[in-house]
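Each chain, written out:
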Amino acid sequence: MHLKARCNYVNLRMINGDRLKTAKTLVDKAIKEKKVFSVLGPYPVIRAGLRARGWVERRLPRPSVPQPRRRDLETEVTDEGDSSDDDDLGEEGERDDEADDLYDLMTRLVRNEMPYFYWTTKRDSIDCRSLRKDQMTNHYAKAGSFTTKVGLCMNLRNLQWFDAADPDTFFPRCYRLGAENDKHAFIEDFRRTACTSLLLYVLEKYGGDSEWERTGEVYDAKSHGLSKPRKQYANQRVGISIIDNALHICQEYLNSLEHCDIDITLETIPTLSEQQWKVFLRNYYLVIHEGLTIEGCEAYVERCKCMLEQMSRVCPQMETDGLCNIWIIKPGAKSRGRGIMCMNRLDEILSLVNADHGIMKDSKWVVQKYLERPLLVHDTKFDVRQWFLVTDWNPLTVWFYRECYLRFSTQPYSTHTLDSSVHLCNNSIQKHFQPSPDRSPCLPAECMWSCSQFRSWLAASGQDDLWEGVVVPGMQKAVIQTLLTAQDSVESRKASFELYGADFMLGRDLRPWLLEINASPTMAPSTGVTARLCPAVQEDTLRVVLDRRCDRNTHTGGFQLIYRQAAVEVPQYLGVNLLVEGTSIRRPRAPVYKPLIQSHPDPLSKSSSHKSSLISSHCISGKENQSEEVKKAWPTLSSREFTLEKSLIFQPKLRKCPQRLILPSTCCVLPSPAELHPQKLSHTHTQPDHPPTHRTRSNLPSLYRPTLSLDVINLRPRQTLTSGRYKHETHTVNTSYPVLRMQKYLSLNHRLTMDTFTAREGPKSS
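Treat the numbers as computed from the prediction; the structure is a model and nothing was measured. (Residues numbered from 1 in each chain as written. Predicted model: local features only at pLDDT ≥ 70, side-chain atom pairs only at ≥ 80, totals over all residues. Heavy atoms only, no water.)

Some words on the packing of helix H1 (residues 17-32) against helix H3 (residues 102-109)
Now for step 1: Packing of H1 against H3 brings their axes to within 9 Å, and their N-to-C directions diverge by 50 degrees. As judged from the angle between their axes, H1 and H3 are oblique. Relative to H3, the crossing made by H1 is right-handed. Residue-level inspection shows Arg-19, Leu-20, Ala-23, Lys-24, Leu-26 and Val-27 of H1 in contact with H3, the latter providing Leu-102, Leu-105, Met-106 and Leu-109.
Now for step 2: Partitioned by chemical class, the residues of the contact of H1 with H3 number eight nonpolar, no polar and two charged. (Axes fitted to C-alpha atoms, helices over the stretch in contact; angles between N-to-C directions. Helix = DSSP H or I, 4+ residues; strand = E, 2+ residues; numbered from the N terminus. Parallel < 35°, antiparallel > 145°, perpendicular 65-115°, else oblique. Left-handed = near helix turned anticlockwise from the far one by under 90°. Contact = heavy atoms within 4.5 Å. Nonpolar A, V, L, I, M, F, W, Y, C, P; charged D, E, K, R; others polar.)

Brief notes about the packing of aromatic side chains
Now for step 1: Following the criterion strictly, the structure yields 22 aromatic pairs and no others.
Now for step 2: Ring centres of Trp-387 and Tyr-405 lie 5.5 Å apart, and the angle between their planes is 55 degrees; on these two criteria the pair is classed as tilted. In this pair, Trp-387 sits in strand S9 (residues 382-393) while Tyr-405 sits in strand S10 (residues 396-408), placing the two residues 18 residues apart along the sequence.
Now for step 3: Judged by its relative accessible area of 0%, Trp-387 is buried.
Now for step 4: Within the aromatic cluster, the residues linked to one another by ring pairs are Phe-382, Phe-408, Trp-449, Phe-454, Trp-457 and Trp-467.
Now for step 5: Taking the ring centre of Tyr-103 as reference, the NZ or CZ of Arg-51 above it sits at 4.3 Å.
Now for step 6: Stacked on the ring of Trp-327, the Lys or Arg Lys-369 has its end atom at 5.9 Å from the ring centre. (Phe/Tyr/Trp six-rings, centres within 6.5 Å; stacked < 30°, edge-to-face > 60°. Buried < 20%, exposed > 50% of the residue type's maximum accessible area, 1.4 Å probe, protein only. Lys NZ or Arg CZ within 6 Å of the ring centre and 35° of its normal.)

Looking at the sheet that holds strand S7 (residues 341-343)
Strands in a sheet are paired, the pairing made by backbone hydrogen bonds, and the direction either parallel or antiparallel.
Now for step 1: A sheet is described by the order of its strands in space; here four strands give the open sequence S5-S8-S6-S7, paired in antiparallel fashion. Edge strands, defined here as strands with exactly one partner in the open sheet, are strand S5 (174-176) and S7. Shown here is a sheet whose adjacent strand axes are inclined to one another by a mean of 25 degrees, direction ignored.
Now for step 2: Bridge count between S5 and strand S8 (residues 365-369): three bridges; the pairing is antiparallel. Within S8, the position partnered with Cys-174 by the bridge is Gln-368.
Now for step 3: The sheet contacts of helix H12 (residues 346-355) involve strand S6 (327-331), S7 and S8, and relative to S7 the element is tilted by about 140 degrees. (Pairing = 2+ DSSP bridges.)

Some details on unusual backbone geometry
Now for step 1: Residue Pro-395 is reached from Asn-394 by a cis peptide bond, and omega for that bond is 5 degrees.
Now for step 2: Tracing the chain through its elements places Pro-395 in the loop between S9 and S10.
Now for step 3: One non-glycine residue, Lys-34, lies in positive phi territory at about 55 degrees.
Now for step 4: By secondary structure assignment, the location of Lys-34 is in the loop between H1 and strand S1 (36-40).
Now for step 5: One non-glycine residue with positive phi stands out, namely Leu-510, at about 65 degrees.

Digging into the sheet that holds strand S2 (residues 56-57)
Now for step 1: The four strands lie next to each other as S2-S1-S3-S4, forming an open sheet whose pairing is parallel. Two strands bound the open sheet, and with one partner strand each, they are S2 and strand S4 (136-137).
Now for step 2: Note: S1 against S2, two bridges, orientation parallel. Within the sheet, the bridge partner assigned to Val-36 lies in S2 and is Val-56.
Now for step 3: Against the sheet, helix H2 (residues 44-52) touches S1, S2 and strand S3 (117-120), its axis set at about 175 degrees to S1.

Examining the pairing of S3
Now for step 1: Residues of S3 alternate between two faces, with Phe-117 and Trp-119 on one and Tyr-118 and Thr-120 on the opposite face, all of them buried.
Now for step 2: Across two bridges, S3 lies against S4 in parallel orientation. Considered in S4, the bridge of Tyr-118 is made with Thr-137.

So this is what it looks like as structure tokens:
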């Protein structure tokens, strides 16, 4: 039986020769000019902009795991960055070009070439440390120090070391729920904010102050949460002591800022115990959330007003705190508004944290004060998305985009409800809701405005000048100060750059408040506003990072340089552990001298014949004691006192050289080198009647001569005896280490000198 083999033939399209020749020409030029790029993700604008500049794409290998679909993106969590609104991941799949397409041919021709430009969605897609110096990428390593909620919360606390500014003036106060110290600080802040909110409630409801009415003119009882009392609380009132406690807590806080609480210790009993705080917060909730009244609070209006004025001077966020004490809980390192909740009760917030031990361990969640009184457009809340570009970290170089856009909520603003549809303006959240029928028809259905539309609205209300005078400078300052605090954490790389998206909220005075900074901001044309702005931002980014490298005067589009720091020399990275190399300081060793002649000091009354006998006896035994003398030449002695008996007054002489002390020839004369040798002693002293050689100034021993000398620290007379013309004095000399035993070293020469001096100057003692 014969088997017939079956062959399958694949039909391949014929490649146009002219196209192939053109593709090879363009590829050769791109390789020569190092213009090979790779893009990971659906960025058609980036691809088109690079191809127009002569770049050729080398496609990166597709991951083995398929990309998640749009509805599965909610489960994706990034470890470091908050790449919010990454809706462009599923916006457009990468399609396979036709076989005879020119770009596909060029892509195949550079499949083995090295890319010199990377644009990716995720930071960890490319290892920046493995890139060459001439390879560019659109991310910096370790940028999570300000693109994560935890990192931004921690870094802005160090702003005082970089700039004379207070982060509370542009960043809502924030705490890590997993850190024990931050947790206690948050509890104190929540209680103190409840006190100020209660005082503000008394002032606005019973004070009738026109200033406070203007600040809350757009808020009614419903927006404040002051709904009608429920039936079970209809006949119930809160005691006046709640206001007294609130005033006392605020006063204690003011005293602590002025350091008036310096004597308070841990043993000091707090103003309110934990049980009293529970009662206070329960009554506070009844007043604010349930609408109960406080009996007799009209008498406290002036005191409340005065205290609030003092607190507003030291608390920059009092105008935005509101009455309901709402806090927003954000999971760290998550984007697109996932997991964010608003809460207004302390026990609920703490129970949420305590229920998840992983949160306590990793400190991934932060709690931030919610801005309860933002600027509203047609009674609807909005936030601002602002782009900025960092092209270098040393020197820090920041580019700010001239245009931004506003994102509106689909529901009218109210603090009575804590739903995400009211308080979260993120497009990835609001796209799941339909606009409320109660919302103003002046707002667009796609819930977005460009900055030009917003400026038109400001001009209609007579506030057009505040955009250039307050909003833009405030956003620029907040961005620069945030980047300064993170400059030491981010790994700087000259060929890298990164585009960020900052989210701001405006107060009623149009002061911008920074909410968060996002890496890899969305570039999806989800609305008509983003369809126009996002391509322009990407094209202008290429102008800054590519075109400006070749021509410094090139047009940068909507980007303007707002900050360039002076370059700072960065030392080599030594790691966490510091190592100091060197040798320890040791005690210097004394030089080894030839053996010295040892003798005992004799009093001045003894005759010279007795001295000669001592000298001769010592010379005989000198060789026997030679080894012992070497060991005892420089004994280890501490600072000590000893007494010298001399026959004259000590008169030091100074050389011309400063700081040099010369001793007279008759005082502490050192032996000559010839006298140190035992074999020459007999020859030296055979002629005792020989007059002593006159010692000139040049051969006098000094403290800086190579020969051994004494360091005379103190010289004072202790006893004086007068006998005719002879004057006998005893002096005490303090010496320090090293020192020779005077009996061993100076005995011989000293006796000879004293004998000569007695013969010339004075009689011998009997």
